[in-house]
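# Working through the structure, step by step
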Amino acid sequence: MSTINSQDDEDTFKILIATDIHLGYLEKDPVRGNDTFVTFNEILDHAQKNEVDFVLLGGDLFHENKPSRKTVHSCLESLRKYCMGDRPVQFEILSDQAVNFYYSKFPWVNYQDENLNISIPIFTIHGNHDDPTGADALCALDILSCAGLLNHFGRSNSVEKIDISPILLRKGRTKIALYGLGAIPDERLYRMFVNKQVTMLRPKEDEDSWFNLFVIHQNRSKHGATNYIPEQFLDDFIDLVVWGHEHECKIAPFQNERQRFYVSQPGSSVVTSLSPGEAVKKHIGLLHVKGKKMNMQKIALETVRTFHMEDIVLADHPDLFNPDNPRVTQAIQAFCMEKVELMLDNAERGRLGNPRQPEKPLIRLRVDYTGGFEPFSVHRFSQKYMDRVANPKDIIHFFRHRELKEKNDSDLNFGKLVSRPASEGMTLRVEDLVKQYFQTAEKKVQLSLLTERGMGEAVQEFVDKEEKDAIEELVKFQLEKTQRFLKERRTDAEEGKIDEEVRKFRESRKENTEEEDEEVREAMTRARAHRSEDAVLVAASSDEELMDTGMKGTGDSDDGLPATLSRGRGRARGRARGARGQNPTARGSSQRGRAFRSLKPQPSLNSSKSYSENIIDDDSDLEDISIVPSSRVNQRLSTTPSRSKIGSQSQTFRGVDFESDEDEFDPFKSTATSRRTK
């Protein structure tokens, strides 16, 4: 639309959007080890060249929960190179930052820190790969946030109720309410939405003038009954949802017909699985917001390693392959080689116009050998392409399709037979494997005290988060609870009656999923506390050994005493210096006391908003959307006068005038260049 063509005016936000960067993925691979770091540099380079107001990331910046030193160092290097500088930040924060960043020791946005020169702020939520864990519930993003290199928001520590308070941004006459929700187990969040325990707070003043932007990191596609988040769960006042976690690139905003908001799914910036969704060309988005209108410009990533994929069904070529032919395996291998060579030629032609693209492509050929065929040696086949592809061991994937039919054998519906790879298209989780094992195990190894759900989550914590005491603490906790139950029931000391009472107690716990979740959380808390106590004991024992060694080296004389005392005084001075001036609530409240009203998540079938939209899809990959909501009657909450302080700026705003239409209105006239004191 012509109204957003002037992209650099003082009322237009420019936001670079990306998700699922997965820094450190396959970092030890000699060919693909640096792919994530190169693409991350390209993303930040686009942000710098387009002079964006800020970068918005949708989770999974890191691939591992505990990234390696190389990964953290490379990330710090990129952030310092591209995000620090003297270019002034042209927008202001209106909300109470002590609420937005309540879990941080420095509860204010990084560009307002007078000790830092930030030219491109980054706002990010955490994903399921880099989520907070451990006794202190910290993640790698908290390290970067503490260093002042990005702003981590969208955390929720409560498992009973979630209140999402937005970061309120203003640039000229454009106001954005930025909502964020970091990754939460899908089943738990699904249940909280159903029980109306998720609330999105809205600003009281002139609420329909805000552009509401929500970033989330959950399953969007359905993986089970409750293992995803339906779009209908989200509030209908939202204008745009940036959906992370899904790796297929669908960055063009798509409107939800029921809720009337738009959803953009940027996808990942690196191929982490050889699946069809990853073969779609990778993009990031440059979002322009002016008033209630938005425009999404797709930017193709040039440094992403190309990925070509093709499927072969041998049964579809009866003229070429006969299972009874003794040389049919050699014929199949020759046919696969032709297909791989063709994909390599296509990859080479695509790389000619882009010298920044990695030389070796990713190739995947899926072969359905249903119908009596036998697979050939994949290892021998891959040896021919060791120097030509980036994934020689994974070029060929053999599978047989499974037929899923109706339970009623007398009324078969052949239209519902499903053909799909056995090991493709589904994600196996540790807790699912544990549950599946006990469901199919013999009776003598079945669980009689614990539940499959609790055991599965404990094993998941042990595998993903290295909580070594998780299983032991869960067993102890549930054993203690069962013993208390038996004492309260005053069960007779007969083995048969005890077993029956234990079985009934176990079944009642399985039916009450919320109580079972609480048991698992309590056990995990115990495990983390136990680990912290062990760490303290180890540190104390190490200090005692050092003391003993020092005393033995000096005999019975007093010569060793001053050294020991001076070391103790040195530590105390270090702590005193480090603790000086650390008052997390002394600053960072840009808009104290800003009133919010809560909107319960009750999506209506008939939306009260009327939208006029204009979507342009031309050769420049631009997409313009105009959103004009009608007025709505809402219950207001009382508000108190508020004050906004932005970094080291000297100007103080009393109240917020969002209605001014005067021509000389220029919020950055006196503040843009004096943002920080040199």
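Every value quoted in this text rests on a predicted model; they were computed, and no experiment measured them.

Analysis parameters
Residues numbered from 1 in each chain as written. Predicted model: local features only at pLDDT ≥ 70, side-chain atom pairs only at ≥ 80, totals over all residues. Heavy atoms only, no water. Helix = DSSP H or I, 4+ residues; strand = E, 2+ residues; numbered from the N terminus. Buried < 20%, exposed > 50% of the residue type's maximum accessible area, 1.4 Å probe, protein only. Contact = heavy atoms within 4.5 Å. Areas by Shrake-Rupley, 256 points an atom, 1.4 Å probe, with all protein chains shown as cover. Core = buried A, V, L, I, M, F, W, Y, C linked by side-chain atoms within 4.5 Å. Pairing = 2+ DSSP bridges. Polar contact = N/O pair within 3.5 Å; in protein donor to acceptor, adjacent residues only side chain to side chain. Axes fitted to C-alpha atoms, helices over the stretch in contact; angles between N-to-C directions. Salt bridge = Lys/Arg side-chain N within 4 Å of Asp/Glu carboxyl O. Parallel < 35°, antiparallel > 145°, perpendicular 65-115°, else oblique. Left-handed = near helix turned anticlockwise from the far one by under 90°. Right-handed = clockwise from strand over helix to strand, strands pointing away. Phe/Tyr/Trp six-rings, centres within 6.5 Å; stacked < 30°, edge-to-face > 60°. Lys NZ or Arg CZ within 6 Å of the ring centre and 35° of its normal. pLDDT = per-residue confidence, 0-100. Expected span 1.5 Å × (residues − 1). Arc of directions from axis to C-beta.

## A short note on the overall build of the chain
Looking only at helices and strands, one finds 13 helices and 22 strands in the chain. Evaluated residue by residue, the chain yields a buried proportion of 47% over its 678 residues. Pairs at least 24 residues apart make up 75% of the contacts formed inside the chain by residues separated by at least 6 positions. Here the chain has roughly 34600 Å² of accessible surface; of this, 50% comes from carbon and sulfur atoms.

## Some remarks on the nonpolar core
Within the largest apolar cluster, 31 residues are counted, with the highest numbers of intra-cluster contacts made by Leu-16, Leu-61 and Leu-79. Where this core is concerned, the elements lending two or more residues are β1 (13-18), α1 (35-49), β2 (54-57), α2 (69-83), α4 (140-146) and β14 (283-290). In terms of residue count, α1 provides more of this core than any other element does, five residues in total. Ignoring any residue separated from it by four or fewer positions in sequence, one finds Leu-79 in contact with Phe-40, Leu-44, Met-84, Ile-122, Leu-144, Leu-149 and Leu-150. In terms of nonpolar packing, the next biggest core, distinct from the first, is built from 30 residues, Ile-15, Ile-93, Leu-169 and Phe-211 among them.

## Focus: the sheet that holds strand β7 (residues 167-171)
Strands sit in the order β3-β7-β8-β10-β11-β13-β12 across an open sheet of seven strands; the sheet is mixed. For this open sheet the edge positions go to β3 (92-93) and β12 (250-255), each flanked by a neighbour on one side alone. Where strand β10 (residues 211-217) and strand β11 (residues 240-244) come together, five bridges link them in parallel fashion. Within β11, the position partnered with Ile-216 by the bridge is Trp-243.

## Quick look at the side chain of Arg-155
By the secondary structure assignment, Arg-155 is in the loop between β5 (151-152) and β6 (162-164). At 2.8 Å, the side chain of Arg-155 and the backbone oxygen of Ala-137 are in polar contact. There is a polar contact of 3.0 Å between the side chain of Arg-155 and the side chain of Asp-142. Sequence-distant contacts of Arg-155, defined by excluding residues within four places in its chain, comprise Tyr-102, Tyr-103, His-126, Pro-132, Ala-137 and Asp-142.

## With respect to the pairing of β2
Residues of β2 alternate between two faces, with Phe-54 and Leu-56 on one and Val-55 and Leu-57 on the opposite face, all of them buried. Pairing analysis gives four bridges linking β1 to β2, with the strands arranged parallel. Looking at β2, one finds that Leu-16 is bridged to Val-55. Relative to strand β4 (residues 122-124), β2 runs parallel, the two being bridged by three bridges. By the bridge assignment, Leu-57 is partnered in β4 with Thr-124.

## Some words on the sheet that holds strand β17 (residues 362-368)
Read across the sheet, three strands follow the order β16-β17-β18 without closing on themselves; strand pairing throughout is parallel. The outermost strands of the open sheet, each flanked by one partner alone, are β16 (307-313) and β18 (396-399). Neighbouring strand axes in the sheet, compared pairwise and without regard to direction, differ in orientation by 15° on average. Of the pairings in the sheet, the one linking β17 to β18 comprises four bridges and is parallel in character. Pairing of Asp-368 across the sheet is with Phe-399, part of β18.

## Quick notes on the pattern of salt bridges
Scanning the model with the defined rule gives 18 salt bridges in all. Residue Lys-282 is joined to Glu-278 by a salt bridge in which the shortest nitrogen-to-oxygen separation is 2.6 Å. Neither residue differs from the other here; Lys-282 and Glu-278 are each classed as buried.

## Some thoughts on the packing of α1 against α2
Closest axis-to-axis distance for the α1/α2 pair is 10 Å, and the angle between their directions is 15°. With respect to α2, the axis of α1 lies roughly parallel. The handedness of the crossing between α1 and α2 comes out as right-handed. Residue-level inspection shows Phe-37, Phe-40, Asn-41, Leu-44, Asp-45 and Gln-48 of α1 in contact with α2, the latter providing Lys-70, Thr-71, Ser-74, Cys-75, Ser-78, Leu-79, Lys-81, Tyr-82 and Cys-83.

## Concerning the environment of Arg-349
Positionally, Arg-349 belongs in helix α6 (residues 328-352). A residue is classified by how much of its surface remains accessible, and Arg-349, at 54% relative accessible area, is exposed.

## Section: the pairing of β17
The buried fraction of β17 amounts to seven of the seven residues, a majority that puts the element mostly inside the structure. Side chains Leu-362, Arg-364, Arg-366 and Asp-368 project from β17 onto one buried face, and the interleaved Ile-363, Leu-365 and Val-367 project onto a second face that is buried too. As paired strands, β16 and β17 are joined by seven bridges and run parallel to one another. The partner of Glu-310 across the bridge, within β17, is Leu-365. Handedness of the crossover joining β16 and β17 through α6: right-handed.

## With respect to the packing of aromatic side chains
As enumerated under the stated definition, the model contains 17 aromatic pairs in all. The structure contains a cluster of three or more aromatic residues connected by ring pairs, namely Phe-13, Phe-54, Phe-91, Tyr-111, Phe-123 and Phe-153. Against the face of Trp-210 rests Lys-175, its NZ or CZ located 5.0 Å from the ring centre. Just above the ring of Phe-237 sits the side chain of Arg-202; from NZ or CZ to the centre is 4.2 Å.

## Quick notes on unusual backbone geometry
At Leu-26, a position not held by glycine, the phi torsion is positive, near 55°. Here Leu-26 is to be found in the loop between β1 and α1. Notably, His-245 is not glycine yet its phi reads approximately 90°, a positive angle. Within the fold, His-245 resides in the loop between β11 and β12. By relative accessible area, His-245 is classed as partly exposed at 22%.

## Focus on the side chain of Lys-292
Topologically, Lys-292 is positioned in the loop between β14 and β15 (293-300). Among the polar contacts listed, one links the side chain of Lys-292 to the side chain of Asp-239, at a separation of 2.8 Å.

## Examining the confidence of the model for the chain
Here the chain averages 78 in pLDDT, while 68% of its residues score no lower than 70. This model gives residues 414-427 a pLDDT under 50, and the stretch forms 28 contacts once residues within four places in sequence are excluded. Below a pLDDT of 50 lies the segment residues 600-620, which in the model reaches 61 contacts outside its immediate sequence neighbourhood of four places, other chains included.

## Thoughts on α6
An ideal rise of 1.5 Å per residue puts 36 Å on 25 residues; α6 measures up with 37 Å between its terminal C-alpha atoms. All of the buried residues along α6 are Val-328, Ile-332, Phe-335, Cys-336, Val-340, Met-343, Leu-344 and Ala-347. In this fold, the buried residues of α6 make contact with β16, β17, α7 (378-382) and β18.

## Considering α2
If you check α2, its first and last C-alpha atoms are 21 Å apart, about what 15 residues at 1.5 Å a residue would give, namely 21 Å. Of the residues making up α2, those classed as buried are Thr-71, Ser-74, Cys-75, Ser-78, Leu-79, Tyr-82 and Cys-83. In an axial view of α2, the angular spread of the buried residues amounts to 130°, which keeps them on one side of the axis. When the buried face of α2 is taken as reference, the exposed residues oriented beyond 90 degrees from it are Arg-69, His-73, Glu-77, Arg-80 and Lys-81. Among the structural elements, α1, β4 and α4 are those in contact with the buried residues of α2.

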